[in-house]
Amino acid sequence: MSTLDDILQLQQPLMEGGIRSVNFFNGRLLTGKDLSREQAARREADARLGLALGSGVAFGLDVARDADLDTASAPVLRISAGLALNRLGQTLRLAADTSVALTRRFDAVATAPCHGGFTNCAPLADGVYVAGAGVYLLSIAPAQSGEGRAPTNGLDPGNVRCNTDANVEALQFRLIALAQPLLAGLNLSAPSLRNELAYRCFGAGVRSDWFAALPTGQARGDDLLESLRELGLGDQEVPLALLYMVGSAQIEFIDMWSVRRTLHHSESVPPGGLVETRRQAVGQAMFRQFQAQLAGIGPPFGGLGAVTARSHFRYLPAVGMVPVAEETDASNAEATRFFAGLSYRGPAFINAARLESLVRESLHYPPIDTQSDEFIWLYRVRENRSTIELGGSAAPPRSYVVFASGHLPYRADAQFDTAHWNYSNYALVP
């Protein structure tokens, strides 16, 4: 039982959890252990700053096929320079664009630890493997490797094996295969596979039915990623992309935004999760995942052909922008082709000044279920449309339509002195 003497007093230093650095003074005898303690203190201070910022991708680290090296039998990725922070607060800096082979042809070699001085990180995985058909998560994690040799005084021949000159705080990439139970219920040959995988990663907490469980429900938990945390994805790793490979090892698609997140903090106990930064991070990922997938489907100019929301997307973000083929009449047939079978109204004209606020507000809304009768607003951006119709531009902009969940307020009501008469709309009758 604690007594009054055991209770911390005001202005009394609390030593537990403090950062302990070596006190240097003239005449002190320094050993390798002392210097290791000093390095550990520096790492701990840096990690605390990293924890304050949150985990995720700060910038860069975009993943794509390497246009020069990738082949059907030996896939190679190109990962751009960037910075990420893991859940331990460690910074992972890729200094330059790097090519990464997905077929590993060597054993991971771990340098023997040196108990009297600095130690080396064990590899995340040992052995030789070849990526084959399946769904994989690509992650980035810290690594450590020795470099060079340092001279020794020869007083202790037993420590000669530890005379590494420098320990390099490095990086490593890893592929984690998604086991079949994690893919249960998914049709791997369906056109909507990429979208359904993404929303399995976003989790059930993004959908509107989650809010019925307030205030006890978990807010926007990344279901698939959290499952992987229990099956080998460590806190030192940061997810970068999902890869789907067919045949022996041919990349079918790379989807970054299904698993990558901007810097954010983990969910707190509900209902606090409603205001945590993860909610916005997942909202951004939903928007960018849709736009990236759509960009990979459509041709450089024109519409999306036979592709519709229902054919390739189980869910849509609360707001998105869809390229459409240019029309010469007022039928809107091309503008609405992507939304065939869905309940929508429009497209009506919206001023560009309102578009950014519409997108930002949508990040906190649930996605649109394309298999439901959920209502959708459709908009054309007035400045885009008028530039196309007036002509005279050497490079006319591409025609597109903006869709928005019916839960978002209607944005196309005309306002005095802000709309052009031939691109304005009547106010809706309540």
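Each remark here, short or long, concerns the structure printed above.
Residues numbered from 1 in each chain as written. Predicted model: local features only at pLDDT ≥ 70, side-chain atom pairs only at ≥ 80, totals over all residues. Heavy atoms only, no water.

J.: Lay out the sheet that holds strand β6 (residues 98–101) with the relevant residues and their values.
T.: With respect to topology, three strands assemble into an open sheet ordered β2-β3-β6, the strand pairing being antiparallel. Looking at the sheet topology across the chains shown, the edges are occupied by β2 (63–65) and β6. Each neighbouring strand pair of the sheet contributes to a mean axis angle of 35°, computed without reference to strand direction. As paired strands, strand β3 (residues 76–79) and β6 are joined by four bridges and run antiparallel to one another. For Ile79, the partnering residue across the bridge sits in β6 and is Thr98. (Pairing = 2+ DSSP bridges. Helix = DSSP H or I, 4+ residues; strand = E, 2+ residues; numbered from the N terminus. Axes fitted to C-alpha atoms, helices over the stretch in contact; angles between N-to-C directions.)

J.: Any chance you could break down empty space enclosed by the protein for me, citing the residues and the numbers?
T.: The tally for this structure, following the rule as stated, stands at four cavities of 30 Å³ or more. When its volume is computed, the largest cavity comes out at roughly 170 Å³. Lining the largest cavity are 19 residues, and of these Ser55, Arg229, Pro239, Arg261 and His264 sit closest to its centre. For the lining of the largest cavity, the secondary-structure elements that each account for two or more residues are β1 (56–60), α3 (223–229) and β9 (238–246). The greatest single-element share of the lining of the largest cavity, amounting to three residues, is contributed by α3. (1 Å grid on protein atoms, 1.4 Å probe; cavity = no way out; pocket = protein on both sides within 12 Å on 5 of 7 lines; lining within 4 Å. Points joined across faces, edges and corners; volume = space filled by probe spheres on them.)

J.: Help me get a handle on the packing of helix α2 (residues 193–202) against helix α4 (residues 277–297), residues and values and all.
T.: Packing of α2 against α4 brings their axes to within 11 Å, and their N-to-C directions diverge by 170°. On the basis of their axis angle, the class for α2 and α4 is roughly antiparallel. In this structure, α2 contributes Arg194, Asn195, Ala198, Tyr199 and Phe202 to the contact, and α4 contributes Val282, Ala285, Met286, Gln289, Ala292 and Gln293. Its residues assigned to classes, the contact of α2 with α4 comprises seven nonpolar, three polar and one charged. (Parallel < 35°, antiparallel > 145°, perpendicular 65-115°, else oblique. Contact = heavy atoms within 4.5 Å. Nonpolar A, V, L, I, M, F, W, Y, C, P; charged D, E, K, R; others polar.)

J.: Describe the sheet that holds strand β5 (residues 91–94), with residues and values.
T.: Paired through backbone hydrogen bonds, the strands of a sheet run either parallel or antiparallel to each other. Ordered by their spatial adjacency, three strands build an open sheet running β1-β4-β5, and the pairing between neighbours is antiparallel. The open sheet is flanked by β1 and β5, the only strands paired with a single partner. For this sheet, the mean angle separating the axes of adjacent strands, direction not counted, is 15°. In terms of strand pairing, β1 meets strand β4 (residues 82–85) through four bridges, oriented antiparallel. Note on β4: the bridge partner recorded for Phe59 is Leu83.

J.: Describe the pattern of salt bridges, listing the residues and the values that go with them.
T.: By the definition in use, this model includes 18 salt bridges. Arg87 serves as the salt-bridge partner of Asp235, at 3.7 Å between the closest nitrogen and oxygen. Of this pair, Asp235 sits in the loop between α3 and β9 while Arg87 sits in the loop between β4 and β5, placing them 148 residues apart in sequence. Relative accessible area serves as the criterion here: at 36%, Asp235 is assigned to the partly exposed category. With its nearest N and O atoms 2.6 Å apart, the salt bridge here joins Glu334 to Arg337. On the accessibility criterion, Glu334 (26% relative accessible area) is partly exposed. With a relative accessible area of 40%, Arg337 lands in the partly exposed category. One continuous salt-bridge network, built from bridges that share partners, spans Arg42, Arg43, Asp46 and Glu169. (Salt bridge = Lys/Arg side-chain N within 4 Å of Asp/Glu carboxyl O. Buried < 20%, exposed > 50% of the residue type's maximum accessible area, 1.4 Å probe, protein only.)

J.: Quick one: what's the story with the environment of Ala318, residue by residue and with numbers?
T.: Structurally, the position occupied by Ala318 is in the loop between β11 (315–316) and β12 (319–323). Between the C-alpha atoms of Ala318 and Met286, which are 32 residues apart in sequence, the distance is 8.6 Å. If we ignore the near neighbours within four places in the chain, the residues touching Ala318 are Ser362, Tyr365, Pro366, Pro367, Ile368, Phe403, Ala404, Ser405 and Leu408.

J.: How would you sum up helix α8 (residues 382–390)? Please name residues and give values.
T.: Residues of α8 that are buried include every one of Arg382, Asn384, Arg385, Ser386 and Ile388, and no others. Buried residues belonging to α8 abut β13 (343–350), β15 (375–381) and β16 (400–405). Directly after α8, the chain includes Gly391, whose backbone phi takes a positive value near 70°.

J.: Tell me what's going on with unusual backbone geometry, and back it up with residues and numbers.
T.: Residue Pro347 follows Gly346 across a cis peptide bond; omega there is 10°. Along the chain, Pro347 turns up in strand β13. Not every positive phi belongs to a glycine, and Gln11 is a case in point at roughly 65°. Taking the relative accessible area as the measure of exposure, Gln11 reaches 84% and is therefore exposed. In the Ramachandran plot, Leu61 falls in the positive-phi region, its phi being about 60° despite a non-glycine side chain. In this fold, Leu61 is placed in the loop between β1 and β2.

J.: Report on the side chain of Ser258, specifying residues and quantitative values.
T.: Here Ser258 is to be found in the loop between β10 (250–255) and α4. What makes Ser258 buried here is its relative accessible area of 0%. In contact with Ser258, not counting residues within four places along its chain, are Ala198, Cys201, Phe202, Leu242 and Gln289.

J.: If you had to explain the nonpolar core to someone new, which residues and values would you point to?
T.: Formed by 31 residues in total, the largest nonpolar core has its most connected members in Leu61, Val63, Leu77, Leu138, Phe202 and Leu243. The element that contributes the greatest number of residues to this core is β9, accounting for five residues. Not counting the four nearest positions on each side in its chain, Leu61 is found in contact with Ile79, Ser80, Ala81, Gly82, Leu83, Ala84, Leu94, Ile140, Leu240, Met256 and Arg260. (Core = buried A, V, L, I, M, F, W, Y, C linked by side-chain atoms within 4.5 Å.)

J.: Can you break down the packing of aromatic side chains residue by residue, with the values?
T.: Inspection of every chain in the model, using the stated rule, returns 13 aromatic pairs. Aromatic pair Tyr199 and Tyr315: ring centres 5.1 Å apart, planes at 35°, arrangement tilted. Note that Tyr199 is positioned in helix α2 and Tyr315 in strand β11, a separation of 116 residues in sequence. Using a relative accessible area of 3% as the deciding quantity, one classes Tyr199 as buried. For the ring pair Phe338 and Phe339, a centre distance of 5.2 Å and an interplane angle of 90° mean the geometry is edge-to-face. Residue class for Phe339 comes out buried when judged on its relative accessible area of 0%. Members of the aromatic cluster, each reached through a chain of ring pairs, are Phe290, Phe313, Phe338, Phe339, Tyr344 and Phe403. In this structure, Arg260 packs its charged tip against the face of Trp257, placed 5.3 Å from the ring centre. Positioned above the aromatic ring of Tyr315, the side-chain terminus of Arg314 is 4.8 Å from the ring centre. (Phe/Tyr/Trp six-rings, centres within 6.5 Å; stacked < 30°, edge-to-face > 60°. Lys NZ or Arg CZ within 6 Å of the ring centre and 35° of its normal.)

Purely geometric numbers; function is a separate question.
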